[in-house]
Amino acid sequence: MSENKKILVMRSITKTFPGVKALDNVNIHVDEGEIHFIVGENGAGKSTLMKVLSGIYSHGNYSGDIVFNDEIQHFNSIKNSVNKGIVIINQELALFPDLSVYENVFVGHEITKNSAFVNWVETKNQAKKYLDMVGLKVDMDQNVRTLGVGKQQLIEIAKALSQDVKLLILDEPTAALNENDSENLLNLLVELKKKKDITSIMISHKLKEVEAIADSVTIIRDGKVIIRMDRSEINQNEIIKHMVGREIDNIFPKRPKYKGGEVVLESVHLSSFDSSLNRYVLNDINITLKKGEVVGLAGLMGAGRTELAHSIFGNVKKYKLTGALMINGKQVHLNHPHDAISKGLSYVSEDRKKDGLILIDDIGQNICVSSLKKISNRGFINFFKQAFFADKYVKDLSIKTPSIYQKLNNLSGGNQQKVQISKWLFAEPKILILDEPTRGIDVGAKYEIYTIINDLIDKGMSIIIISSELPEILGMCDRIYVIAEGKQAGEFDIDEATPEKIMHSATTA
Amino acid sequence: MTQKNVSSSANNNEKESLKPINPILRYFYAIISMFRTNIRDYGMFIALIVIFILFTISSNGIFLTPRNFSNLLDQTAYVAVLAIGMTLVIVTRQIDLSVGFLSAFLGAYVIVAVQVYGENLFLAISVALLITTFVGIIKGYLIANVKVPSFVVTLAGMFIFKGFLMIRTDNTTITTTHPFFQAIGKGYLFRGFTIGGYNIVALGIGVLLIFLLVFTSIMRRRKNQQLGVQNEERQIYLTKQILTIFVLAVLAYNLAAYNGISYLFLITLVVLVIYFIFTTKSTLGRRIYAVGGNPEAAELSGIKVSNTLIIVFISMGILSLIAGLMYATKVQNTSPQHGVSWELYAIAATFIGGASAGGGVGKVVNSVIGAIVIMSIPNGLALTPDSNANIEPIILGSILLLAVIFDIYTRNVRPVDLVGMYYAKKVHGEELKKAKADLSAAKAALHKAKANGEKLIDYEYALTNAQTSISKIKNMIRIAQEEEFMDHKIDNDPYIPDEL
Ligand SMILES: Nc1ncnc2c1ncn2[C@@H]1O[C@H](COP(=O)(O)OP(=O)(O)OP(=O)(O)O)[C@@H](O)[C@H]1O
Ligand SMILES: [Mg+2]
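Residues numbered from 1 in each chain as written. Chains lettered and ligands numbered in written order. Predicted model: local features only at pLDDT ≥ 70, side-chain atom pairs only at ≥ 80, totals over all residues. Heavy atoms only, no water.

1. Observations regarding the overall build of chain B
Each helix and strand in chain B was counted, giving 19 helices and 4 strands. For chain B, the C-alpha atoms occupy an extent of roughly 95 × 60 × 60 Å along the three principal directions. When burial is assessed residue by residue, chain B has 48% of its 500 residues classed as buried. Long-range contacts, defined as pairs at least 24 residues apart, comprise 81% of the intrachain contacts of chain B with a sequence gap of at least 6. Carbon together with sulfur atoms contributes 66% to the accessible area of chain B, which is approximately 24,300 Å² in total. Charge separation in chain B, taken as the distance between the mean sites of 41 positive and 30 negative side-chain charges, equals 3 Å. (Helix = DSSP H or I, 4+ residues; strand = E, 2+ residues; numbered from the N terminus. Buried < 20%, exposed > 50% of the residue type's maximum accessible area, 1.4 Å probe, protein only. Contact = heavy atoms within 4.5 Å. Areas by Shrake-Rupley, 256 points an atom, 1.4 Å probe, with all protein chains shown as cover. Lys, Arg positive; Asp, Glu negative; His and termini not counted. Charge placed at Lys NZ, Arg CZ, Asp CG, Glu CD.)

2. Describing the overall build of chain A
A tally of regular secondary structure across chain A gives 17 helices and 25 strands. Reported as C-alpha extents along the three principal axes, the dimensions of chain A are approximately 70 × 50 × 45 Å. Per-residue burial for chain A yields a buried fraction of 58% across its 509 residues. Taking as baseline every contact in chain A between residues at least 6 positions apart, the subset at least 24 positions apart corresponds to 67%. Surface exposure of chain A reaches about 21,200 Å², of which carbon and sulfur atoms provide 49%. Averaging the coordinates of the 63 positive side-chain charges in chain A and doing the same for the 65 negative ones gives two points 4 Å apart.

3. Focus: the pairing of strand β24 (residues 479-484) of chain A
All names here are of chain A. Most of β24 is tucked away, with 6 of its 6 residues classed as buried. Judged by which residues are buried, β24 turns out to be covered on both faces: Arg479, Tyr481 and Ile483 on one side and Ile480, Val482 and Ala484 on the other are all buried. Where β24 lies against strand β25 (residues 487-493), 6 bridges are found, and the strand directions are antiparallel. Residue pairing for β25: Ala484 is matched across the bridge by Lys487. (Pairing = 2+ DSSP bridges.)

4. Points about the site of ligand 1
All names here are of chain A. Around ligand 1 sit 18 residues, and of these Gly43, Lys46, Ser47, Thr48 and Asn410 come closest. A distance of 2.9 Å separates an oxygen atom of ligand 1 from a polar atom in the side chain of Asn42. At 3.4 Å, a backbone N or O of Gly413 approaches an oxygen atom of ligand 1. Alone, ligand 1 offers 640 Å² of accessible surface; in the complex the protein occludes 89% of this. Looking at the shell around ligand 1, the elements with two or more residues in it are β2 (20-31), α1 (46-53) and α14 (413-426). Take the shell around ligand 1: its biggest share by element is 3 residues, from α1. Its residues assigned to classes, the shell around ligand 1 comprises 5 nonpolar, 10 polar and 3 charged. (Near = heavy atom within 4 Å. Polar contact = N/O pair within 3.5 Å; in protein donor to acceptor, adjacent residues only side chain to side chain. Nonpolar A, V, L, I, M, F, W, Y, C, P; charged D, E, K, R; others polar.)

5. What to know about the environment of Val144(A)
Residue and element names in this part refer to chain A. Following the sequence through the fold, Val144 ends up in the loop between α4 (120-133) and α5 (149-162). Measuring from C-alpha to C-alpha, the distance between Val144 and Pro97 comes to 4.9 Å, with 47 residues separating the pair along the chain. Residues in contact with Val144, not counting those within four places in the same chain, are Leu95, Phe96, Pro97, Leu99, Ser100, Val101, Asn104, Gln152 and Ile155.

6. Some remarks on the sheet that holds strand β11 (residues 216-221) of chain A
All names here are of chain A. Taken in spatial order, the 6 strands of this open sheet run β6-β9-β10-β3-β11-β12, and their pairing is mixed. Among the strands making up the open sheet, the edge pair consists of β6 (86-89) and β12 (224-230). For this sheet, the mean angle separating the axes of adjacent strands, direction not counted, is 15°. Sheet topology note: the strand β9 (residues 167-171)/strand β10 (residues 199-203) ladder contains 5 bridges and is parallel. Bridge pairing links Ile169 to Ile201 in β10. Sheet strands touched by helix α8 (residues 236-244): β3 (35-40), β11 and β12. Its angle to β11, the strand with the most contacts, is close to 25°. (Axes fitted to C-alpha atoms, helices over the stretch in contact; angles between N-to-C directions.)

7. What to know about the sheet that holds β2(A)
An order of β2-β1-β4-β5 (chain A) is seen for the 4 strands of this open sheet, with the pairing classed as antiparallel. The outermost strands of the open sheet, each flanked by one partner alone, are β2 and β5 (71-72) of chain A. For strand β4 (residues 63-68) of chain A and β5(A), the ladder comprises 2 bridges, and the chain directions are antiparallel. Bridged to Val67(A) within β5(A) is Ile72(A). The strands touched by helix α19 (residues 457-478) of chain B are β1 (6-17), β4 and β5 of chain A; relative to β4(A), the strand with the most contacts, the crossing angle is about 155°.

8. Things to note about a nonpolar patch on the surface
Taken together, the side chains of Phe151(B), Val152(B), Leu155(B), Phe159(B), Ile160(B), Phe164(B) and Ile167(B) present a nonpolar region at the surface, about 700 Å² in accessible area. Locating Val152(B) in the fold gives a position in helix α7 (residues 150-169). (Patch = residues over 30% accessible without salt bridge, like charges linked within 9 Å, V, L, I, M, F, W, Y side chains within 5 Å. Salt bridge = Lys/Arg side-chain N within 4 Å of Asp/Glu carboxyl O.)

9. Overview of the confidence of the model for chain B
Residue and element names in this part refer to chain B. Model confidence for chain B is summarised by a mean pLDDT of 88, while 94% of its residues fall at 70 or above. Residue range residues 488-500 is modelled with pLDDT below 50. Its contacts to residues more than four positions away, or to other chains, number 25 contacts. Across the interface, the model reports ipTM at 0.82; the global pTM reads 0.84. (pLDDT = per-residue confidence, 0-100.)

10. Notes on the domain arrangement of chain B
What the domain assignment reports for chain B is domain 1 (2-33 + 417-487) and domain 2 (44-187 + 262-409). Here the C-alpha centre of domain 2 of chain B lies 51 Å away from the C-alpha centre of domain 1 of chain B. (Domains from an automatic or database assignment.)

11. Quick word on the domain arrangement of chain A
By a widespread convention, an interface's size corresponds to the accessible area lost as its parts come together. Residue and element names in this part refer to chain A. Domain boundaries in chain A define domain 1 (6-244), domain 2 (261-344 + 430-509) and domain 3 (351-428). Domain 1 and domain 2 are separated by 33 Å when their C-alpha centres are compared. Taken residue by residue, the interface counts 17 residues in domain 1 and 15 residues in domain 2. Here domain 1 and domain 2 share an interface that buries about 1,200 Å² over both sides, 58% of which is from carbon and sulfur atoms. Seen at the junction of domain 1 and domain 2, the total is 0 salt bridges. Remark: the boundary between domain 1 and domain 2 carries 2 residue pairs in polar contact (both at pLDDT 80 or more). If you list the elements that add at least two residues to the side of domain 1 that touches domain 2, you get α6 (179-196) and α8. When residues of the side of domain 1 that touches domain 2 are assigned to their parent elements, the largest contribution, 3 residues, is made by α8. Tallied by class, the residues present in the side of domain 1 that touches domain 2 amount to 8 nonpolar, 5 polar and 4 charged. (Buried area = accessible area lost by both parts, 1.4 Å probe.)

12. Here's the deal with unusual backbone geometry
Trans is the prevailing form of peptide bonds, just as negative phi is the prevailing case for residues other than glycine. Residue and element names in this part refer to chain A. One non-glycine residue, Asp197, adopts positive backbone phi at about 60°. Its location among the elements puts Asp197 in the loop between α6 and β10. The exposure class assigned to Asp197 is partly exposed, which follows from its relative accessible area of 45%. A positive phi angle, close to 50°, is found at Glu436, a residue other than glycine. Position of Glu436 relative to the elements: it lies in the loop between β22 (431-435) and α15 (443-458). On the basis of relative accessibility, which here comes to 6%, the residue Glu436 falls in the buried class.

13. A few points about the interface of chain A and chain B
The partner chain B presents 40 residues to the 48 residues of chain A that form the contact. Approximately 3,600 Å² of surface area, both sides summed, lies buried where chain A meets chain B, with 60% of it carried by carbon and sulfur atoms. The largest share of the area that chain A buries against chain B comes from His336(A), Leu372(A) and Phe384(A), three residues that together contribute 14% of it. In this assembly, chain A and chain B are joined by 1 salt bridge. Among the salt bridges present, the one from Arg286(B) reaches Asp361(A), with a minimum N-O distance of 2.9 Å. The interface formed by chain A and chain B includes 10 residue pairs in polar contact (both at pLDDT 80 or more).

In structure tokens, the structure reads:
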């Protein structure tokens, strides 16, 4: 095996940010035609390493060598690395939502006539070729906006293929995908490896995926390489041990069996009409949540789970609601998140960057923004309190940051998520809605978050978890609703729920 | 932090041989480091000082005489007040193009009511206040709830208020004679109270302000200590205090040497202080900045974004009324010619002051400094012999551009510690020399290999190895901090007790 050609060697890469050494003398190599995983805790430096590799942090902003195809590379921009055949797909997809599918495949490297005019016929033909390669069957004239994340991801890969990619880098590609789409993507990577000899580097927090398709893994902790494992050595427990530096036997901490309690939240024939889409996004939803209970909302991406959360949490998207919402047996009209918060609701949103956080503000400001009353006196903020609580949550949730005054922009994805959760814990809700709470979060932190959920339940909170990860739903919930195409497609007690049953209801509505 | 450990362990044994830096040099290094690290905060003050110096030279010293200085502040007043309101508008990612004519119209409304129709002054002002509040609500509602872009809403407003201004003034110029208007526009606080030609009130307020500033800064240091925020070193703190006191003293002296504190200046100051406290300390202020930082997240955090926007536009409206009255009473008339480009001056002042069009960023104090920068241009040009007043807009435009470019370039400045670098250079000097020699050797070897047509990869490795070790050492020097080289920690705050 060892005589395999090393397509990529990164030698003693060091990269610092003010106050943070993100990468400390990192050495990795990737063999030609393999699928290499990089795993590590939140803030370990994975994304930074890939940004160095792809020229986002240009040569001179880090120290060390990148040797690609036996040549030392000095990338000054993404463009340089793309020219050499290295394409990165970031977690925030770089598509143009209002351009069509085929335009997106070639945007930035258009096929031209006389090198001045776009050759649309050829563009379409070529786009079709690459879309077939990734197995995406959609109307190519459609705007990308109308497609789900899974399909958008495939377009990104088609785009990479059209740029003659040799090394494909994917930063948490499956974080926002459901099981089906994730599986598709993994299969595609294997196929590309076999048929086109495309090497890929993938970052993921889902260790199942590593077991499934990795040829080798590099584990990073605190900016340093801990170990590189080959195919034969890969096993989840080993990986976790190296990642977090200790063993975690059961990723889902146990909670006593739910004993029942009064209903705290109930939706009665709740339907939501979205006037901008001109259709019902929710249709006749009847769900209940009891005190001290964890209820899961399972379903496919776009099934209407987030829409349900939005409808309950003060109807943020201004749907036309019919039916009723009851809190503690009384009907309530929540017309703004503000009303919802004052009724004891909190909502950790699924898209933390867009809907959850103020990235230009610091940790304390973000944690306190929804509970300004708690840190103020007659309308004036007590900054002492703000710092106190920021400090408390940074410690409680082990948020990795040089100081509580760090701007959210400069935190790694997982740590941003922890800040978002802190913000809503600080609001001290009675009912907490968590929308994809562990998206992009490492195993250790996941475990911490699950432990927090159990603590909250212990204190009498009631929690709704929306998740596309079935193990999470099955591991954490007392009861599960399945939502499919805006309708309620099934309800299971945890004892009777199985992945098959849930997937069955989710797909056959 | 891992970085420190690396370098401090490397130089442990060499520490004894390190001679401490000359204290005077150390002081200057520390001051310059502070400046470079916080260049964003000081950029505008530096611009202001440069402009002041240039105009003082070009006007043969007239620019900085008490009389002109007083005048300049009075001329700035209305733009400063508008810029304060505009800061919040821009912080919330909006724009208000209507404030120029709105201000002029509101000024005209009050003055015509009193001078032409003989209405009661306070009634007229109250009605104007109602009008402007109403207008603010409409603007805010259209922008926040109906989602018409603020550019369009306020552009429409600009035309509409221009019309109202022409109607209200009946296309004539109406002079102000009412004693209240005279007092506001031309009056000074206790003008007669002088000793030896110096106004006592101005001096008194100056002294009071100095005390207040010193007091609050001591409080802030104490609070920082409680919050665990690193306080700046005592020497630097004292230097800053002395500079601030000096500036305030010059200001107070200049005003006192002329006629004292004008009402226009006083109003500006009061508005500024209120808005400063409002924006930095109040929950409403916090909400406004949160809305600017990320409207979707703010909404989901329970902040009523549309109400917040409406409040911002009401505030802009009230400040427009104040600004309109300030201007009309200063020039002692109201006229259909008023109001032209005021909004643009206010917007420019805000951007010169470092506000970001992306939202969530902007400080009212800086916007006021921006206003002074802008208004000193026509003032200074007028005092400069043989100058062409027509170049004013060119200078203004250039300063605006430079300010924004500066802002973009300094977005990622890193902290520097020249004292630390000084020590680090001493400690790592030899290493660096050696690394540089290695580099040239590697370069030469590569060159030779190329000439001989050998396989290059090993030579390239050697070359980047050498480059890497140089950049490592350089980086080590760049991030070096003084504490690493000291046996004891620098005493940050000798005189503040630890308990609360
Ligand atoms: N622009 C930046 N400025 C300052 N610090 C940064 C910046 N980008 C990243 N960091 C810091 O560098 C470290 C590594 O971040 P990185 O994003 O590489 O982590 P990651 O391994 O991708 O984590 P995650 O799994 O949460 O995505 C973190 O401590 C982060 O806070
Ligand atoms: Mg990352």
